[in-house]
Each structure stands twice: as C-alpha cells, then as structure tokens.
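Take a look at the letters that make up each chain.
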Amino acid sequence: MADGKSESYPDSDLYRIRHSTAHVMAQAVTEMFDPDEAKVAIGPPIAEGFYYDFDLPRTLTPEDLESIEKRMREILAENFEFKREVLSADEARELFADQPYKIELIDGLDAGGLDEYGEPIDEKPEISIYTQDTFTDLCRGPHVANTGKVNPDAIKLLNVAGAYWRGDETRPMLQRIYGTAWESADDLEQYLWKLEEAKKRDHRRVGKDLDLYSVNEAVGPGLILWHPKGGMVRKLAEDFCRDEHEKGGYDFVYSPHIGKASLWETSGHLDWYQEAMYSPLDIEGQQYYLKPMNCPFHVQIFNTRTRSYRDLPLRFAEWGTVYRYERSGVLHGLLRVRGFTQDDAHLFCRPDQMPEEIDRVLNFSLNILRAFGFENFQAYLSTRNPEKAAGDPEDWEAPTEALRQSLEREGVPYVVDEGEAVFYGPKIDIKVSDALGREWQLSTIQFDFILPERFNLAYVGEDGEEHRPYMIHRALLGSMERFMGVLIEHHAGAFPVWLAPVQAVLIPIADRHAEYAREVAATMKEAGVRVDVDDRGERMNAKIRDAQMQKVPYMLVIGDREIEAGAVSVRLRSEEDLGSMQIDPLIERIQEEIIARS
Ligand SMILES: [Zn+2]
Ligand SMILES: [Zn+2]
C-alpha cells in the first residue's frame with residue numbers, strides 16, 4: 001500500500017468486536033424461542049456493523065429489537081469467554097443436527113471451496129466453532145477474548161429486513177437483523193448521526209421532493225425517467241463535460257443501441273459478459289443484442305480506415321446508453337439500474353504516446369470531478385493476476401507502470417490491488433469521498449489487450465509496417481444515472497448555483513407586484529439566469545418556505561419598497577439575508593458564481 005494506510009478491516013479490533021456482537025445477538029434472539037423453533041443462518045461483520053440471519057416462527061417487531069438489545073447488554077456484562085474448538089465435519093453435523101442452514105454450510109466446508117458464509121475460497125478450511133455462555137456457532141473467528149471486551153454503550157440494533165438464504169430468491173426468506181458496534185459511545189453516536197444524515201440525503205427521497213426523476217412500474221424497474229428539473233441538472237453536467245472533452249482533444253462519436261450477435265461474438269462479450277446482456281432481438285432472421293458496452297462500436301469506427309502513426313492518439317467520446325441485466329432485488333434508485341448512460345471514451349495511442357496519454361486522462365478526470373465539488377480522491381491500481389491475464393507479463397509492465405507514475409505525479413493517494421486486474425488489462429479506479437465521508441467509485445481508466453487483438457486494430461508506423469495501438473477505455477463520471485445519485489447525496493439536493501435547475505425565484509408579495517417581478521425575471525433570463533416567478537396566491541412566507549424546500553439558491557422578494565427602489569430583497573437558501581439589491585449587481589453576483597462553479 002502506497003498511502004501508508006493501517007491494517008485491513010478483517011484484521012482490526014472493530015471487526016472482532018462486531019463479529020462477537022453478532023454472536024451475542026444470535027444468543028439473545030434464540031433465547032426468545034424454543035430451541036427447535038429458532039434457526040440461525042449466518043452472521044458476518046459488514047462495513048459499518050454486522051448482521052445475522054434467522055428463520056423464526058414469527059416476525060420480529062421494533063419492541064423485540066429493544067428487548068434483544070437489553071438482553072445483549074446483560075450477556076456482555078457477564079464477561080463470557082469466546083471458546084474456540086476444532087471439529088470434524090461429522091462432529092459438526094451432529095452438534096448442529098437441528099440447524100439445517102448450518103448443516104448446509106458444514107457440507108460446503110466439508111466439500112471445500114466455500115467458507116462458512118458460503119463465499120468461495122481456495123483452500124479447504126478447518127471446521128471450528130466458538131462458544132460464549134450457552135451459544136455455540138459454526139465460525140472461523142476471530143473474536144474478542146470475552147464478551148466484556150465489547151462496550152455495551154457502543155452497540156445498537158438498527159433494523160430488521162428480509163433476506164433470502166444465500167441471496168437466492170428460490171430459497172427461504174429469512175429475517176436479517178442489522179446492528180452496529182463501535183469502540184466508544186462517541187463513535188456510535190457519530191455513526192448514528194451519519195446514518196440519519198444519509199437518510200435525509202437519500203437520492204430517492206430528494207429526487208422525489210425536488211421532482212428530479214422517477215422510476216415507473218409501467219415502464220419497468222431499473223429504468224429512469226428524468227423530469228424537467230433533474231433533466232436540467234443532467235444537461236448542465238453533460239454540457240460542461242462535453243465542452244471540456246472538446247477542449248481536451250476528444251472527438252465525439254455516436255453509436256446505435258443494438259448490434260449484431262456476430263459483433264458481440266468477435267468482441268468476446270457473448271463469451272464472458274452474456275449474463276449481463278438481455279435476450280437477443282430477431283431482425284430479419286438475424287440476432288441483435290442491446291449493447292452492454294460501447295467499445296465494439298468505437299473499435300469499428302477506428303477500423304473504417306487505415307490509421308497512420310500521425311493520426312494517433314485518437315480519442316472517441318460518446319455519452320453512450322447501455323443496458324445491463326441486474327436482478328430486480330439489487331436495483332436501487334439511481335445507483336443500480338438496468339439502463340444507463342456512460343460518459344464513455346476510448347483512447348487509441350502509440351506506445352511512445354502512452355505515458356503522456358495516461359497523465360492527460362488522469363488529470364482530466366480529476367479536474368472534472370473537482371468541478372463538481374469533489375475534493376478527496378482515493379485511487380486503486382489493479383495489477384496483473386498471473387492466473388488469468390491476457391498477453392505476456394511484459395505487455396503489462398509499461399502500462400501498469402504508467403498508471404502508477406501518473407498517480408504519483410498527480411499526488412493521488414492510491415492502493416495497489418495486487419493481482420486484482422480483470423484479465424484484459426491493468427486499470428485505475430478512482431473513488432471520491434462525499435460530504436459524509438462515504439466513498440463512491442466513479443472514474444475508471446482501463447487498458448485493454450484483448451479487443452485490439454480480436455478486432456485486429458492496427459496503425460501504419462513510420463517504418464511503413466503495421467503496429468498494434470494501445471486501447472484504453474475510460475469513463476469519468478461513470479454512469480450519468482449513478483453520478484447524479486451521488487451528486488444529489490453529496491449536495492443534499494442543494495446543487496451549486498451553476499447546476500441548480502432553478503437559480504432564483506421571484507416572490508411578489510401581492511398581486512400588484514407580479515408585473516414588476518415578471519419584468520425582473522425577463523431581464524435575468526436574458527442574462528442567462530434560470531428564474532421562476534412564484535405568482536401563486538400564497539402568503540409570502542409560504543412561498544419562501546417552498547423555495548427553501550426546493551433548495552433554490554436565491555429567493556428574491558418584491559413588495560412596494562423594492563419596486564420604488566428598482567430592487568429586490570435577497571434571501572439565500574442558507575437563510576442568509578442580503579437585504580435589498582439592485583438588479584444589475586445581483587445578476588453579476590450570480591454570473592460570477594456560475595463561472596466559478598461555486
Ligand atoms: Zn462467527
Ligand atoms: Zn470500453
């Protein structure tokens with residue numbers, strides 16, 4: 001690791017604390033029922049807490065959670081030791097004879113290849129159990145030494161949700177209790193605050209409140225309808241990016257939504273990506289597929305003519321809408337969808353141009369993310385997996401090194417994910433931290449050694465011979481849908497002035513002020529400011545409150561005094577009162593904010 005980050009999460013105290021709390025919770029839950037009624041499934045630690053899945057005779061209520069939590073504190077106070085024991089598979093089967101889910105897990109462990117959570121692993125693990133007080137669980141550990149090591153003031157059960165056994169819709173639906181555990185009560189409090197804040201910022205809620213987008217059952221799940229206001233934010237974001245791409249030496253291309261089966265055979269998508277692709281369409285006896293990616297089309301454009309070394313680099317950019325299958329259970333607002341638009345581009349360059357090309361694209365990417373208000377980046381460099389990698393190891397060296405050096409030069413903190421690259425080439429992923437410190441993966445810069453081979457890409461070099469160009473896929477905001485979701489949550493819907501769908505609302509106090517309000521609105525519109533006039537018969541305070549709810553940056557109140565002075569009374573959504581302002585200086589102020597993208 002290059003940034004000197006500390007130990008990994010699974011090695012941390014917090015991980016042990018959470019895992020141990022999950023066991024204590026399972027004890028408290030099973031005690032509520034007859035021994036043969038409560039079936040336990042799995043209970044792993046997760047990013048900021050833990051869960052445990054149960055098959056119970058009745059649905060748990062919020063009151064149950066309270067009493068479970070109370071019982072957990074009693075168990076913790078007893079300072080029970082977590083005792084580990086290693087068993088044979090048969091001993092384990094006997095011990096968990098009444099627990100069908102555990103039996104299934106033991107069979108998996110015994111067969112090898114699966115861990116006790118049913119996740120794939122390489123080696124065949126030892127079967128071990130942990131016991132505290134009366135509760136024994138099939139478990140690899142690690143745990144804290146005893147229940148006293150868990151701070152009873154730093155645990156909290158959060159909610160119950162349905163979860164299919166092994167995530168499989170054909171298996172039983174279980175009850176999953178989510179909880180969290182921290183080292184101190186302060187940490188817990190901070191986390192709960194963040195959860196509350198995240199709920200308020202949830203893009204699905206904000207998207208509805210601000211009338212930005214919807215998902216409609218009549219249209220289909222995972223398919224987004226952008227409403228005028230959300231559409232405006234997206235248009236502004238795209239316009240800005242398109243301008244930057246043009247300045248950055250990109251060419252714009254457009255490609256269709258479907259392509260022949262043979263194209264996806266050549267590209268290899270039908271071999272290794274088919275599970276994410278939709279069933280084919282039949283057109284005059286030929287099969288066509290909806291595109292899950294834009295790459296084969298851009299490659300075809302490259303191949304329409306002989307390319308000389310002088311033509312390179314070529315940078316083909318497209319806001320390309322792609323369709324990928326996601327199970328309905330994992331669809332989530334704008335973040336997991338079935339159709340989305342990538343700000344996609346493919347770079348084709350000569351080997352001698354490659355390091356500079358990487359510098360350029362990384363710098364370009366960071367500048368665009370900064371323009372949207374993101375300041376903190378974390379990069380992940382995925383390197384060659386010797387088990388499955390296209391090309392020779394030497395082919396990987398220069399690109400991997402170019403990616404690493406660019407990260408160094410840009411001063412982006414990065415982690416090397418050793419051997420984590422997909423088989424077709426090394427890549428960098430860039431995550432941004434939002435206002436709540438949550439990480440979101442947005443940009444990807446990905447080398448590809450496969451497509452140039454499969455489509456026989458070539459340019460004629462100075463030597464008159466044919467050479468293979470480097471091909472790099474890159475998406476900066478990633479998917480526009482997902483990016484908008486992140487943007488909404490980062491700003492809590494209070495978009496910066498340059499992105500606000502409505503930048504100012506004029507609020508006439510009485511009907512007689514409406515005409516002047518419309519005049520001011522016309523002047524501002526002419527100056528390029530997006531304004532609305534709220535001439536409803538509501539009271540002024542109600543109009544201000546509504547504009548505030550809509551997160552409109554400027555609220556401009558107009559009464560007799562303002563008309564007399566040729567001014568407006570200016571309030572900001574931050575509730576700051578700027579008092580009376582003349583129209584021209586106000587327009588200038590807003591224009592400056594738009595230019596500064598503040
Ligand atoms: Zn465990
Ligand atoms: Zn691509």
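A brief report on the enclosed structure follows. (Residues numbered from 1 in each chain as written. Chains lettered and ligands numbered in written order. Predicted model: local features only at pLDDT ≥ 70, side-chain atom pairs only at ≥ 80, totals over all residues. Heavy atoms only, no water.)

1. Some thoughts on the coordination of the zinc ion (ligand 1)
Here the zinc ion (ligand 1) is held by H19 (NE2), H23 (NE2) and C139 (SG), and the distances to it run 2.0 to 2.3 Å. Expressed as a motif, the donor residue spacing for the zinc ion (ligand 1) is H-x3-H-x115-C. Of this pair, H23 sits in helix α1 (residues 13-31) while C139 is found in the loop between β6 (135-138) and β7 (155-164), placing the two residues 116 residues apart along the sequence. Judged by relative accessible area, which is 1%, H23 ranks as buried. When its relative accessible area of 2% is taken as the criterion, C139 is described as buried. (Donors = N, O, S within 2.8 Å, 3.2 Å for Na, K, Ca; no water. Helix = DSSP H or I, 4+ residues; strand = E, 2+ residues; numbered from the N terminus. Buried < 20%, exposed > 50% of the residue type's maximum accessible area, 1.4 Å probe, protein only.)

2. Describing a negative patch on the surface
A surface patch of negative charge is lined by D13, E183, D186, D187 and E189. Judged by relative accessible area, D186 falls into the exposed class, the value being 59%. (Patch = residues over 30% accessible without salt bridge, like charges linked within 9 Å, V, L, I, M, F, W, Y side chains within 5 Å. Areas by Shrake-Rupley, 256 points an atom, 1.4 Å probe, with all protein chains shown as cover. Salt bridge = Lys/Arg side-chain N within 4 Å of Asp/Glu carboxyl O. Lys, Arg positive; Asp, Glu negative; His and termini not counted. Charge placed at Lys NZ, Arg CZ, Asp CG, Glu CD.)

3. Points about the packing of helix α11 (residues 354-371) against helix α12 (residues 393-410)
Where α11 meets α12, the axes come as close as 9 Å, and the angle between the chain directions of the two elements is 45°. What the angle tells us is that α11 and α12 run oblique. Like other packed secondary-structure pairs, α11 and α12 cross with a definite hand, here right-handed. Of the residues in α12, those touching α11 at M354, P355, I358, D359, L362, N363 and L366 are A398, P399, A402, L403, S406, L407, R409 and E410. Considered class by class, the residues forming the contact of α11 with α12 number ten nonpolar, two polar and three charged. (Axes fitted to C-alpha atoms, helices over the stretch in contact; angles between N-to-C directions. Parallel < 35°, antiparallel > 145°, perpendicular 65-115°, else oblique. Left-handed = near helix turned anticlockwise from the far one by under 90°. Contact = heavy atoms within 4.5 Å. Nonpolar A, V, L, I, M, F, W, Y, C, P; charged D, E, K, R; others polar.)

4. Structural notes on the coordination of the zinc ion (ligand 2)
Coordination of the zinc ion (ligand 2) by the protein comes from C295 (SG), H346 (NE2) and H473 (ND1), over a distance range of 1.9 to 2.4 Å. The sequence motif formed by the donor residues of the zinc ion (ligand 2) is C-x50-H-x126-H. With C295 in helix α10 (residues 295-302) and H346 in strand β17 (residues 339-349), the pair connects residues that are 51 residues apart, well separated along the chain. For C295, a relative accessible area of 3% gives the class buried.

5. Quick notes on the sheet that holds strand β14 (residues 286-290)
With respect to topology, three strands assemble into an open sheet ordered β12-β14-β13, the strand pairing being antiparallel. Each edge of the open sheet carries a strand with a single partner, namely β12 (258-260) and β13 (281-283). Sheet twist, expressed as the mean angle between neighbouring strand axes with direction ignored, is 40°. Examined bridge by bridge, β12 and β14 share three bridges and lie antiparallel to one another. Directly across from K260, in β14, lies its bridge partner Y288. (Pairing = 2+ DSSP bridges.)

6. Notes on the pattern of salt bridges
With the rule as written, the count across this model stands at 38 salt bridges. Here R71 makes a salt bridge to E74, at a shortest N to O gap of 3.1 Å. With R71 and E74 both in helix α2 (residues 62-77) and three residues apart, this pair spans about one turn of that helix. Judged by its relative accessible area of 38%, E74 falls in the partly exposed class. In this structure, D534 engages R536 in a salt bridge whose closest nitrogen and oxygen atoms are separated by 2.9 Å. Residue R536 is classed as partly exposed on the basis of its relative accessible area, which comes to 36%.

7. Considerations on the pairing of β6
Looking at chain direction, strand β5 (residues 127-132) and β6 are connected through four bridges and run antiparallel. Looking at β6, one finds that Y130 is bridged to D137. Taking the residues that link successive antiparallel strands as the turn, the β5-β6 hairpin has two residues, and the phi of D133 there is positive, at about 50°.

8. Regarding the packing of helix α7 (residues 228-247) against helix α14 (residues 480-491)
Closest axis-to-axis distance for the α7/α14 pair is 11 Å, and the angle between their directions is 105°. Overall, the two elements α7 and α14 adopt an arrangement that is roughly perpendicular. In this structure, α7 uses G230, V233, R234, A237 and E238 to contact α14, whose residues at the interface are M480, E481 and M484. Split by residue class, the contact of α7 with α14 holds four nonpolar, one polar and three charged.

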